[in-house]
Amino acid sequence: MSDQPVTDGVSGESDQDRELRETLGTALGTAQEHLQQNGGFFPFGVTLSEDGELRIVMIAPGEPDENGDVDAGQMLSDIQDLLRQGRDEFRAIAVVSDVSLPDHGSDGIHGAAEHRNGDVLAAIIPYSPTAEGFAFSAMEPDTHEPSIWVD
């Protein structure tokens, strides 16, 4: 088996790039759906298995603090730990979280996908509440350091 990327011959996109894009797209789309349906979401992951199946990985939130807030940062860390433990079973993963975007004056969905071969793809989708739910701005590329396939 070669370490060289395989292209589909049509777009020139490698299998690895396509897997990253599909995993990240699924995670960001799922986060948008949760936001529209529930008004928010906790951090979660999406995995791409060896057989090409995408699965959502969620964990239960911890106990709320005295103000009723859940530690989403701890949840994000716990999800990353869980994904690192099972990483040998995945081709790619994506992790999404709800973030504050001070430069945009809004909140946003941050997603980062990692491939087991080392590439990373990350993006944010700014959003703001409206009378009908939420308005999403255009997806923007973002930076991200690998957190799953690291030792």
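The coordinates are above.
The shown structure was predicted, so the numbers you read here are calculated from the model rather than taken from an experiment.

A.B. asks: Break down the nonpolar core for me, citing the residues and quoting the values.
C.D. replies: Counting 17 residues, the largest nonpolar core has Leu28, Ala31, Leu35, Phe41, Phe44, Val96 and Ile109 as the members making the most contacts within it. Of all the secondary structure elements, the ones that give two or more residues to this core are helix 1 (15-38), strand 1 (44-49), strand 3 (90-101), strand 4 (106-115) and strand 5 (120-130). At six residues, the largest contribution of residues to this core is made by helix 1. Setting aside anything within four residues of it in sequence, one finds Phe41 in contact with Ala31, His34, Leu35, Val96, Ser97, Asp98 and Ile109. In terms of nonpolar packing, the next biggest core, distinct from the first, is built from seven residues, Ile79, Leu83, Ile93 and Val95 among them.

A.B. asks: Can you break down the pairing of strand 4 residue by residue, with the values?
C.D. replies: Counting buried positions along strand 4 yields nine of 10 residues, so the element is predominantly enclosed. By the bridge criterion, 10 bridges tie strand 3 to strand 4 in an arrangement that is antiparallel. Bridged to Asp98 within strand 4 is Ile109. The loop that links strand 3 with its antiparallel partner strand 4 comprises four residues; one of these, Gly105, has a positive phi angle of about 70°. In terms of strand pairing, strand 4 meets strand 5 through eight bridges, oriented antiparallel. Paired with Glu114 across the bridge in strand 5 is Val120. The loop that links strand 4 with its antiparallel partner strand 5 comprises four residues; one of these, Gly118, has a positive phi angle of about 115°.

A.B. asks: Describe the pairing of strand 1, with residues and values.
C.D. replies: Counting buried positions over the six residues of strand 1 gives six, a clear majority of the element. Here strand 1 shows two buried faces, one formed by Phe44, Val46 and Leu48 and the other by Gly45, Thr47 and Ser49. Here strand 1 runs beside strand 3; their pairing, made up of six bridges, is antiparallel. Bridged to Thr47 within strand 3 is Ile93. Direction of pairing for strand 1 relative to strand 2 (residues 54-57): antiparallel, over a ladder of four bridges. Each bridged residue has a counterpart across the sheet, and for Val46 the counterpart in strand 2 is Ile56. Here strand 1 hands over to strand 2 after four residues, with Gly52 in that stretch at a positive phi of 85°.

A.B. asks: Let's hear about helix 2 (residues 72-85): which residues, and what values?
C.D. replies: Side chains three or four residues apart in an α-helix point the same way, a direct result of the helix having 3.6 residues per turn. Between the first and last C-alpha of helix 2 there are 20 Å, a value that for 14 residues agrees with the 20 Å anticipated at 1.5 Å per step. Three or more residues of helix 2 are buried, namely Met75, Ile79, Gln80 and Leu83. Projection of helix 2 onto a plane perpendicular to its axis shows the buried side chains occupying an angular sector of 135°, all on one side. Of the surrounding secondary structure, the elements contacted by the buried residues of helix 2 are strand 1, strand 2 and strand 3. Where helix 2 begins, one side-chain oxygen reaches toward the backbone nitrogen of Gly73, 3.2 Å away; that side chain belongs to Asp71.

A.B. asks: Account for the packing of aromatic side chains, with residues named and values stated.
C.D. replies: The full count for this structure, using the stated rule, is three aromatic pairs. Plain terms: the ring middles of Phe41 and Phe44 are 6.1 Å apart, the flat faces sit at 70° to each other, and that makes the pair edge-to-face. Aromatic side chains Tyr127 and Phe134 sit 5.5 Å apart centroid to centroid with 80° between the ring planes, which places their arrangement in the edge-to-face category. The two residues Tyr127 and Phe134 agree in class, both being buried. Chaining the aromatic ring pairs together yields one cluster made of Tyr127, Phe134 and Phe136.

Definitions and limits used
- Residues numbered from 1 in each chain as written.
- Predicted model: local features only at pLDDT ≥ 70, side-chain atom pairs only at ≥ 80, totals over all residues.
- Heavy atoms only, no water.
- Core = buried A, V, L, I, M, F, W, Y, C linked by side-chain atoms within 4.5 Å.
- Buried < 20%, exposed > 50% of the residue type's maximum accessible area, 1.4 Å probe, protein only.
- Helix = DSSP H or I, 4+ residues; strand = E, 2+ residues; numbered from the N terminus.
- Contact = heavy atoms within 4.5 Å.
- Pairing = 2+ DSSP bridges.
- Expected span 1.5 Å × (residues − 1).
- Arc of directions from axis to C-beta.
- Polar contact = N/O pair within 3.5 Å; in protein donor to acceptor, adjacent residues only side chain to side chain.
- Phe/Tyr/Trp six-rings, centres within 6.5 Å; stacked < 30°, edge-to-face > 60°.

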